[in-house]
Amino acid sequence: MIPTHMQAIAITRPGDPDVLATHQCPVPGCGANDVLIRVAAAGVNGPDLAQRRGHYDPPPGASPLLGLEIAGEIVALGSDVTGWQVGDRVMALTNGGGYAEYAAVPSGQVLPTPPGWTLVEAAALPETWFTITQTLVMRAGLEPGMSVLVHGAAGGIGGAAIQIATILGARAIGVVSSAAKADYARRLGAVATIDHPSEDLVERVMALTDGKGVDRVVDIIGGTMAERNIAASARSGHIVQVSTLDGASANLSLRTIMAKQLTLSGSTLRPQTSATKATIADRIRADLLPALSQPGFVKPAVTAFPLAQAADAHRAMEARGHVGKIVLVTGFGEGE
């Protein structure tokens, strides 16, 4: 039986992590093209922190609750949904609403959990893997043999970029801030790491690429890092900007961009249409999912908090010292 109400995490007012509180709210309705998922775990991501602070409003029609990725079990299907059954174990990119015991998700944004993965492990995948598949693979045209500079290589976005690049035959170089993070990035598949700021990023990139520079850059830093990304890029390179943790403005040399014939692109995932997200899901299903169940595939590190401790999870995320992904686990997911 599906209850009428559920536990969820609400933002009581914009602010620091203490504004997050558990409350009761109605279980969301299941639209014609939706599936209703009993949530086992929900990933914590940068946009959640921005929304909590009041800097990232949900798009029209989206749930006001936090949470952009979940894993769990389908408990109801919309009237127009095909290809899924009640009881299927799935992971999904939500449009919001993941920090809760139930979430309604457009069926095109749902993927099967990889064989051998728990629901808690699977909850760490969708948001970052959708983001990197759209930006680095589909938009920046990643190809086998390319070199990819990955900032924040031990985090969620960076880890996804390393693993996706490796699956697709590219060579990932991870930018990290400690020996432990360097070790983790190499376990995920990075062929080399750069310790920033103790090493000169541009000099190290040039040494690792025989003076050519990198073909692709995945940057979550922004600010002054933008100049170094341009300097470290190869001719016809493409810089993918997916976050701006250290600054949203940059002083760029347009002449260098022109001379190197560079492309700089940016994107946010949440406002994309359901059709666009379904196209990304199809690409993940076809090109990436099979690798996740192969022997020897290294699962991302996961740090779990109970759903009611969402504030503590946000504090851990803001500290920027964690490795891998942070997830919130519901009562349903405690046995995973």
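Calculation notes
Position labels on residues start from 1 in each chain and follow its written sequence. Only residues with pLDDT of at least 70 get local features here, since the model is predicted, and only at 80 or more are side-chain atom pairs given and counted; chain-wide, interface and lining totals rely on the full set of residues. For the side-chain quantities, the full set of heavy atoms in the structure was used; hydrogens and water were omitted. Here a strand pair is declared whenever DSSP counts at least two bridges between the two strands. Numbering of helices and strands starts at the N terminus; helices are DSSP runs of H or I of at least 4 residues and strands are runs of E of at least 2. Angles shown run from 0 to 180 degrees and are taken between the N-to-C directions of axes, each axis being a line fitted to C-alpha atoms and, for helices, limited to the stretch in contact. Should any heavy atoms of two residues lie within 4.5 Å, those residues are counted as being in contact. Centre distance within 6.5 Å is the pairing criterion for rings of Phe, Tyr and Trp, where only the six-membered ring of Trp is used; planes under 30 degrees apart are then read as stacked, over 60 as edge-to-face, and the remainder as tilted. Note on classification: 1.4 Å probe, protein chains only; a residue is buried when its accessible area is under 20% of the maximum for its type, exposed when over 50%, partly exposed between these limits. A 3.5 Å cut-off defines polar contacts: any pair of N or O atoms within that distance qualifies, except that in protein one atom must be a possible hydrogen donor and the other a possible acceptor, and neighbouring residues in sequence count only when both atoms are side-chain atoms.

Draft legend 1. Molecular detail of the sheet that holds strand β9 (residues 171–176). Across the sheet, six strands lie side by side as β10-β9-β8-β11-β12-β13; this open sheet has parallel pairing. If you trace the sheet from one side to the other, it starts and ends with β10 (192–195) and β13 (263–266), each paired once. The average angle at which neighbouring strand axes cross in this sheet is 20°, direction not considered. Relative to β9, strand β8 (residues 147–150) runs parallel, the two sharing four bridges. When the bridges of β9 are listed, Val148 appears paired with Ala172. The strands that helix α4 (residues 156–167) touches are β8, β9 and β11 (214–219); relative to β8, the one it contacts most, it runs at about 170°.

Draft legend 2. Representation of the packing of aromatic side chains. Here the structure, examined in full by the defined rule, presents one aromatic pair. Between Trp117 and Phe297, the ring centres sit 6.2 Å apart and the planes meet at 40°, which makes this aromatic pair tilted. One end of the pair, Trp117, is in the loop between β7 (110–112) and α2 (119–122); the other, Phe297, is in the loop between α10 (289–292) and β14 (302–306), and 180 residues separate them in sequence. Judged by its relative accessible area of 6%, Trp117 falls in the buried class.

Draft legend 3. Molecular detail of the side chain of Asn95. Looking at the element boundaries, Asn95 is found in the loop between β5 (89–93) and β6 (102–106). At a separation of 2.7 Å, a polar atom in the side chain of Asn95 contacts the side chain of Lys277. Those residues in contact with Asn95 that sit more than four places away from it in its chain are Ala62, Ser63, Leu68, Pro106, Gln109, Arg270, Ser274 and Lys277.

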